[in-house]
Amino acid sequence: MFNNQSSNWKKLVIAGVAIASIAGIGYWTVDRVGQNQTANQPTPSAAQVSSTQLSPEALNITVYRTPTCGCCKGWVEHIQQNNFNVTDIVKPEAEIQAIREQHNLPQQLTSCHTAEINGYLVEGHVPVEDVKQLITQKPNLAGIAVPGMPIGTPGMEMGARKESFDVVGFKPDSQTKVFNSYQ
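If you're wondering where the values come from, they're calculated on a predicted model, not measured in any experiment.

1. So, the pattern of salt bridges
Scanning all chains against the criterion turns up four salt bridges. Taking the shortest distance from any N to any O, the salt bridge between Lys91 and Glu95 comes out at 3.0 Å. Residue Glu95 is classed as partly exposed on the basis of its relative accessible area of 39%. Glu123 is the partner of Arg100 in a salt bridge, and the nearest nitrogen-oxygen pair spans 3.0 Å. Linking Arg100 in helix α3 (residues 93–102) with Glu123 in strand β4 (residues 120–124), this pair joins segments that are 23 residues apart in sequence. Pair check on accessibility: Arg100 and Glu123 agree, each one buried.

2. With respect to the pairing of strand β3 (residues 113–117)
In regular strands, side chains alternate between the two faces of the sheet. Among the five residues that make up β3, four are buried, leaving the element largely enclosed by the rest of the structure. As paired elements, β3 and β4 share four bridges and run antiparallel to each other. Its bridge partner lying in β4, Ala115 is registered against Val122. Counting the residues that bridge the hairpin from β3 to β4 gives two residues, and of these Asn118 lies at a positive phi of roughly 50°.

3. Some points on the state of the cysteines
Scanning the model with the defined rule gives zero disulfides in all. You can see Cys112 has no disulfide; the closest cysteine sulfur is in Cys71, sitting 3.6 Å from it.

4. Some remarks on helix α4 (residues 128–137)
In terms of residue burial, α4 counts as a mostly covered element, since seven of its ten residues are buried. When we look at burial in α4, the residues that qualify are Val128, Asp130, Val131, Lys132, Gln133, Leu134 and Ile135. Buried positions along α4 lie against α2 (70–80), β3, β4, β5 (143–146), β6 (165–170) and β7 (176–182). Note on α4: the residue one or two positions beyond its end, Lys138, has a positive phi of about 50°.

How each quantity is defined
- Residues numbered from 1 in each chain as written.
- Predicted model: local features only at pLDDT ≥ 70, side-chain atom pairs only at ≥ 80, totals over all residues.
- Heavy atoms only, no water.
- Salt bridge = Lys/Arg side-chain N within 4 Å of Asp/Glu carboxyl O.
- Buried < 20%, exposed > 50% of the residue type's maximum accessible area, 1.4 Å probe, protein only.
- Helix = DSSP H or I, 4+ residues; strand = E, 2+ residues; numbered from the N terminus.
- Pairing = 2+ DSSP bridges.
- Disulfide = S-S within 2.5 Å.
- Contact = heavy atoms within 4.5 Å.

The structure is reproduced here in structure tokens:
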């Protein structure tokens, strides 16, 4: 009789484990599906985020430029036309370079002007959409840059002429990755 009860007890334990396993898999599947649906929902692109959706504090940007750079003024106008509050500071190049060094901007990413916004560095002729994406998505970067002065970028307009360029993200340890590309 003891063997028969032991056998029944084993069968009940096995059945209970099987039921719990099936229930657990069902829960895990439903839980994962719910998480994936949330995780796969697209974050708003920069084009979908208007400047009016951002807080006024988020739109405060400080631009550092030399007194002789005309294209820098063009970039400042581009940013202002998109509702950013610009503090335009004219400085000698050596002082601007010191700001770049504070943010660990790799030398190969430098351009003619530098900006600071919400703790990020924005170097060069970065389109406003990328600045919005930076401050909206808050990636783990020290900043973004458009190296050099590509024709057709904001402030470097020359009619219909445009060069392909990349907006490059950089980290405090100087690692870089493409943030956005324009053809």
